[in-house]
Amino acid sequence: MKIAILASEGAPYAKSGGLGDVMEALPAALARIEGNEVVLILPYYKKIKENPAYEVEQVAQFHVALGWRRQYAGIFRLLNRNDSVQVFFVDSQYYFGARPGAIYGDVDDGERFAFFSKACLDALVAVDFVPDVIQCNDWQTALVPTLLHAQYRALFPNTKCMYTIHNIEYQGWAHGDFFDDVLALPWEYRNTLDMGGSVNLMKGAIESADLVTTVSQTYARELMYPYYAHGLDGILASNAWKLTGITNGIDVGTFNPETDPHLPAHFNADSFREGKAACKAALQEEVGLPIREDVPLMVMVTRLAGHKGLDLLCYIARRLMWEEDCQLLVVGTGEPRFEQFFRELAAEFPDRVAAKLIFDLGLAARTYAGGDIYLMPSKSEPCGLSQMNAMRYGTVPVVHSTGGLKDTVPPVDENGQNGLGFTFQSYNADDFYGALKRCLRLYNEMPEAFRALQYTDMCQDFSWNVPAGKYMELFHQMLGW
Ligand code: GLC
């Protein structure tokens, strides 16, 4: 099967969050399945362009029409990739190459990714890859299914399109004028993209795609409700027949405590006691906490964004420090109010709390490996990957039972058995505190049971093999093969 995957980020080239991880592992997993040919197309961001590690050759160039604009696009093929995934970058100095900042956040993001979506389809034509299936992701490539119907049918007569929602919070809203000014699609598609007079790219994709998926089964069910769907519940309910949840995996090659180059000591499920103890001591030293083996080290690697449940942690943090002998390490960047909170908390409890307000993949890995308990009280979580990274590195998760967290962390009983971590049901600080207390009790009073739980967590198969198989089933279903 010929599969084209289109996305705004993909590790290791460009990553701002979980989408980047998925776009590293899913194409690779699909390419390992016999008979598949996989193409991945990403924007050629400045950061990728300037990285000498990526050898490329230019294979095409053309102009993309966006309303009255005609914008140059260069297509570069990556030469040094060690698997069979073919990676292409869409070059535009104007939209990607000359932007100094992060991947997203420019005022013209809508136009930038409308350009990218069109350029991807033109690139497939230019490199003569007519896919059986296009898989596109989140709002940035949400225009693709509509473009296929409106303008590219003749070029791709039999191509089916799957649209995957990684996070419904970001939908690609634009002013109503965007439709004529930038998209310039035939008028009959205005309704497809319209939400209350504005353009909503994600809504258009849900309407136009052959199938819609999201990244966990529970999130697929949650999306039927206004609380989770950020205004799109009605659209999703009327398209519920084409919505499926496929729970993500993690890249078990990259996230492997036996080989991870970022770790000071290596371990596996059978040798984790010594290995993790060494990683914990090194981590405590690295972040400036007292080196103590006996104290539970609670950790979090996260974007400091509201929906990650940080308000719950802020609410209970001081009480936790007064009531329990424990350490807390928070790694990540984000909203100033949270950065400020953790900076102050660390100043108030210098022997107990460390805040590393940076985005650092090495420190993230050392945190998964050196922690004892992983906190993830997200308000909503489409899938979440770090709880799986944590478990793979033997760190016991405490999570809000929502979205992918519910699917990947079945709750344990009070003896730490019959599940993988501690969970709480309603989004409430006291319930979070209760779950955390149960976990601390297991750590402090039943250390062997805690070790047994760590072992069970480390033995889980979080690889992409199963989810990739499910994607294949849906691809077959779309194609009627
Ligand atoms: C988004 C979601 C996260 C998910 C990831 C990959 O970042 O917020 O829950 O794991 O996408 O699908």
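Note that the structure is predicted; figures quoted are calculated from it, not measured.

Of regular secondary structure, the protein chain possesses 20 helices and 18 strands. Its C-alpha atoms give the protein chain a radius of gyration of 23 Å, within 12% of the compact-globule value 23 Å for 481 residues. The C-alpha extent of the protein chain, read off along each of the three principal axes, is 65 × 45 × 45 Å. Counting contacts in the protein chain only where the partners sit at least 6 residues apart, residues at least 24 apart contribute 72% of the total.

Turning next to the site of the ligand. With respect to spatial proximity, the complete set of residues near the ligand consists of Gly 18, Leu 19, Val 22, His 166, Asn 167, Val 215, Asn 248, Glu 381, Pro 382, Cys 383, Gly 384 and Leu 385. Cys 383 is positioned such that a nitrogen or oxygen atom in its backbone is 2.9 Å from an oxygen atom of the ligand. One nitrogen or oxygen atom from the main chain of Gly 384 is found 2.7 Å from an oxygen atom belonging to the ligand. Summarising the interface, the protein chains cover 93% of the accessible area of the ligand, which totals 310 Å² for the free molecule. Grouping the constituent residues of the shell around the ligand by class yields 6 nonpolar, 5 polar and 1 charged.

So, about the nonpolar core. Ranked by internal contacts, the top residues of the largest apolar core, which has 138 residues, are Leu 30, Ile 41, Tyr 163, Leu 183 and Phe 475. By residue number, the principal contributor to this core is helix H4 (residues 109-126), which donates 9 residues. Residues contacting Phe 475, with those up to four places away along its chain left out, are Met 1, Ile 3, Leu 30, Val 133, Gln 135 and Met 162. Membership of the second largest hydrophobic core comes to 40 residues, among which are Met 300, Leu 328, Phe 349 and Phe 424.

Going through the model one piece at a time under the given rule, you end up with 22 aromatic pairs. Centroid distance Phe 96 to Phe 113: 5.9 Å. Interplanar angle 50°. Geometry classified as tilted. Separated by 17 residues along the polypeptide, Phe 96 in helix H3 (residues 93-97) and Phe 113 in helix H4 bring together distant segments of the chain. Given a relative accessible area of 1%, Phe 113 falls into the buried group. Arranged with centres 5.4 Å apart and planes meeting at 40°, the rings of Phe 424 and Phe 432 form a pair that is tilted.

Let us look at the pattern of salt bridges. Enumeration over the complete set of coordinates arrives at 27 salt bridges. Close ionic contact of Asp 181 with Arg 69 constitutes a salt bridge, the shortest N to O distance being 3.0 Å. With Asp 181 in helix H6 (residues 178-183) and Arg 69 in strand S4 (residues 69-78), this pair connects stretches of sequence that are 112 residues apart. Residue Asp 181 is classed as partly exposed on the basis of its relative accessible area of 31%. The class for Arg 69 is buried, based on a relative accessible area of 9%.

For the rest of this paragraph, the subject is the sheet that holds strand S16 (residues 373-376). Here we have 6 strands laid out as an open sheet, ordered S15-S14-S13-S16-S17-S18, and parallel in their pairing. The strands lining the two open edges of the sheet, one partner per strand, are strand S15 (353-356) and strand S18 (422-424). The mean inter-strand angle of the sheet, taken between neighbouring strand axes irrespective of direction, is 15°. Packing against the sheet, helix H14 (residues 336-348) makes contact with strand S14 (327-331) and S15, and its axis sits at approximately 145° to S15.

A few words now on the packing of H4 against helix H5 (residues 143-150). Axis separation between H4 and H5 bottoms out at 9 Å; the angle between their running directions is 50°. In this view, H4 runs oblique relative to H5, as classed from their interaxial angle. Note on packing geometry: the crossing formed by H4 with H5 is right-handed. Seen from H4, the contacting residues are Ala 114, Ser 117, Lys 118 and Leu 121; seen from H5, they are Leu 143, Val 144, Leu 147 and Leu 148.

Take the side chain of Glu 381 next. By the secondary structure assignment, Glu 381 is in the loop between S16 and helix H16 (386-392). Those residues in contact with Glu 381, other than ones at most four positions away along the chain, are Tyr 219, Lys 308, Met 376, Thr 402, Gly 403, Gly 404 and Leu 405.

What follows deals with the sheet that holds strand S2 (residues 37-43). Spatial strand order, S3-S4-S5-S2-S1-S6-S7-S11-S12: 9 strands in an open sheet with mixed pairing. A single partner strand is all that each edge strand has here, and the edge strands are strand S3 (56-66) and strand S12 (243-245). Direction aside, the axes of adjacent strands within the sheet are offset by 25° on average. In the sheet, strand S1 (residues 2-6) pairs with S2 via 5 bridges, with the strands oriented parallel. Within S2, the position partnered with Ala 4 by the bridge is Val 39. Against the sheet, helix H1 (residues 18-31) touches S1, S2 and strand S6 (133-137), its axis set at about 160° to S2. On the sheet, H5 packs against S1, S6 and strand S7 (160-165) and is oriented at approximately 140° with respect to S6.

Let us look at helix H13 (residues 310-323). With 14 residues, H13 extends 19 Å from end C-alpha to end C-alpha; this agrees with the ideal 20 Å at 1.5 Å per step. The largest bend along H13 reaches roughly 45° and is located at Ile 316. Turning to H13, its buried residues are Leu 310, Leu 312, Leu 313, Cys 314, Ile 316, Ala 317, Leu 320 and Met 321.

Once that is clear, we can look at the state of the cysteines. Such a bond, covalent and formed between the sulfur atoms of two cysteines, is termed a disulfide. The tally for this structure, following the rule as stated, stands at 0 disulfides. For Cys 439, which is in no disulfide, the shortest distance to another cysteine sulfur is to Cys 326 and amounts to 11 Å. According to the relative accessible area criterion, Cys 439 is buried, its value standing at 0%.

What counts as what
- Residues numbered from 1 in each chain as written.
- Predicted model: local features only at pLDDT ≥ 70, side-chain atom pairs only at ≥ 80, totals over all residues.
- Heavy atoms only, no water.
- Helix = DSSP H or I, 4+ residues; strand = E, 2+ residues; numbered from the N terminus.
- Rg over C-alpha atoms; globule rule 2.2 N^0.38 Å.
- Contact = heavy atoms within 4.5 Å.
- Near = heavy atom within 4 Å.
- Polar contact = N/O pair within 3.5 Å; in protein donor to acceptor, adjacent residues only side chain to side chain.
- Areas by Shrake-Rupley, 256 points an atom, 1.4 Å probe, with all protein chains shown as cover.
- Nonpolar A, V, L, I, M, F, W, Y, C, P; charged D, E, K, R; others polar.
- Core = buried A, V, L, I, M, F, W, Y, C linked by side-chain atoms within 4.5 Å.
- Buried < 20%, exposed > 50% of the residue type's maximum accessible area, 1.4 Å probe, protein only.
- Phe/Tyr/Trp six-rings, centres within 6.5 Å; stacked < 30°, edge-to-face > 60°.
- Salt bridge = Lys/Arg side-chain N within 4 Å of Asp/Glu carboxyl O.
- Pairing = 2+ DSSP bridges.
- Axes fitted to C-alpha atoms, helices over the stretch in contact; angles between N-to-C directions.
- Parallel < 35°, antiparallel > 145°, perpendicular 65-115°, else oblique.
- Left-handed = near helix turned anticlockwise from the far one by under 90°.
- Expected span 1.5 Å × (residues − 1).
- Bend = angle between axes of the 7 residues up to and from the residue.
- Disulfide = S-S within 2.5 Å.

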